[in-house]
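# Structural features, examined
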Amino acid sequence: MNSKLVFACALLLASPAMAQSMGEKSGVNSVLGVSPTTPDFVKEAAMSDMYEIASSKLALQKADQPTNEFATQMVADHTKTSTELKAATAGLPDAPVPAALDSSHQDKLASLAKLNGADFTKEYHSEQVGAHKDAVSLFERYAKSGDNPKLKSWAETTLPTLRHHLEMAQTLDK
């Protein structure tokens, strides 16, 4: 058995609340197909939206026309889902929507901002595929087993758009 899997299982058994939070942060929950906690789902969904918007605004300044068309749609769609997430979490004191990117996403954005031309476009495309794979996984897991009915329904409703974004991102280089 893989040592990482054994460690993940030990974490899950040791402290359910901490394990899910640590599991979501480390990617273990995604590998195991474990649903994120509501606070983790809200945080990760908000981070995803904020990163998509910020990186796509950079693309509008630095990338080619096909990439700009994609970036324009990302800004519009993720602005919409950010608004929906805030509405869906109103009244949930244990699941606040973050107002700013965490350090990991800030670092990704800073690295992307240093690039220009083909280097920028290539990295932006790669980031979009990765970010949308992560988002689809997050939303699928929460839609299947989330513990907040309102957010669970929103995750189910949002999934087709995220899957479409992933398909679009995967075809950017083709």
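Residues numbered from 1 in each chain as written. Predicted model: local features only at pLDDT ≥ 70, side-chain atom pairs only at ≥ 80, totals over all residues. Heavy atoms only, no water.

### Observations regarding the overall build of the protein chain
Along the protein chain, the regular secondary structure elements total 8 helices and 0 strands. Listed by position from the N terminus, the elements making up the protein chain come as α-α-α-α-α-α-α-α. Within the span of the protein chain, comprising 174 residues, buried residues form 43% of the whole. Excluding contacts between residues fewer than 6 apart, the proportion of contacts in the protein chain whose partners are at least 24 apart in sequence is 70%. Looking at the protein chain as shown, the accessible area adds up to about 9,300 Å², and 57% of this sits on carbon and sulfur atoms. (Helix = DSSP H or I, 4+ residues; strand = E, 2+ residues; numbered from the N terminus. Buried < 20%, exposed > 50% of the residue type's maximum accessible area, 1.4 Å probe, protein only. Contact = heavy atoms within 4.5 Å. Areas by Shrake-Rupley, 256 points an atom, 1.4 Å probe, with all protein chains shown as cover.)

### Topic: helix 8 (residues 149–170)
For helix 8, which comprises 22 residues, the first-to-last C-alpha distance of 31 Å matches the rise-based estimate of 32 Å (1.5 Å per residue) to within 8%. Helix geometry: helix 8 is bent most strongly at Leu159, by close to 35°, with proline Pro160 lying one to four residues after it. All of the buried residues along helix 8 are Leu151, Trp154, Ala155, Thr158, Leu159, Leu162, His165, Leu166, Met168 and Ala169. Buried positions along helix 8 lie against helix 4 (38–62), helix 5 (65–89) and helix 7 (117–145). Sitting at the head of helix 8, Asn148 places a side-chain oxygen 3.1 Å from the backbone nitrogen of Lys150. (Expected span 1.5 Å × (residues − 1). Bend = angle between axes of the 7 residues up to and from the residue. Polar contact = N/O pair within 3.5 Å; in protein donor to acceptor, adjacent residues only side chain to side chain.)

### Notes on the packing of helix 7 against helix 8
It is the contact of helix 7 with helix 8, at a shortest axis distance of 8 Å, that shows an interaxial angle of 155°. Taken together, the axis directions place helix 7 and helix 8 in an arrangement best described as roughly antiparallel. At the point where helix 7 passes helix 8, the crossing takes the left-handed sense. In the contact of helix 7 with helix 8, the residues fall into 13 nonpolar, 6 polar and 6 charged. (Axes fitted to C-alpha atoms, helices over the stretch in contact; angles between N-to-C directions. Parallel < 35°, antiparallel > 145°, perpendicular 65-115°, else oblique. Left-handed = near helix turned anticlockwise from the far one by under 90°. Nonpolar A, V, L, I, M, F, W, Y, C, P; charged D, E, K, R; others polar.)

### Some thoughts on the packing of helix 4 against helix 5
Closest axis-to-axis distance for the helix 4/helix 5 pair is 8 Å, and the angle between their directions is 150°. What the angle tells us is that helix 4 and helix 5 run roughly antiparallel. Considering the relative orientation of helix 4 and helix 5, their crossing is left-handed. Judged by residue contacts, Val42, Ala45, Ala46, Asp49, Glu52, Ile53, Ser56, Lys57, Ala59 and Leu60 of helix 4 engage Thr67, Asn68, Ala71, Thr72, Met74, Val75, His78, Thr79, Thr81, Ser82, Leu85 and Thr89 from helix 5. Looking at side-chain class alone, the contact of helix 4 with helix 5 contains 10 nonpolar, 9 polar and 3 charged residues.

### A closer look at the confidence of the model for the protein chain
Of the residues in the protein chain, 81% reach a pLDDT of 70 or more, and the chain-wide mean stands at 87. Confidence drops under a pLDDT of 50 for residues 3–20, and excluding neighbours within four residues, the segment shows 17 contacts in the predicted structure. (pLDDT = per-residue confidence, 0-100.)

### Quick look at the pattern of salt bridges
The full count for this structure, using the stated rule, is 2 salt bridges. Lys80 is the salt-bridge partner of Glu84, the closest N and O atoms lying 3.0 Å from each other. One end of the pair is Glu84 and the other is Lys80, both in helix 5 and 4 residues apart, which spans about a single turn. We classify Glu84 as partly exposed; its relative accessible area is 26%. (Salt bridge = Lys/Arg side-chain N within 4 Å of Asp/Glu carboxyl O.)

### Points about the environment of Tyr142
In this structure, Tyr142 sits in helix 7. Judged by its relative accessible area of 0%, Tyr142 falls in the buried class. As for Tyr142 and Thr37, which are separated by 105 residues in sequence, their C-alpha atoms are 8.2 Å apart. Among residues more than four places away in sequence, those in contact with Tyr142 are Ser35, Pro36, Thr37, Thr38, Phe41, Asp147, Asn148, Leu151, Lys152 and Ala155.

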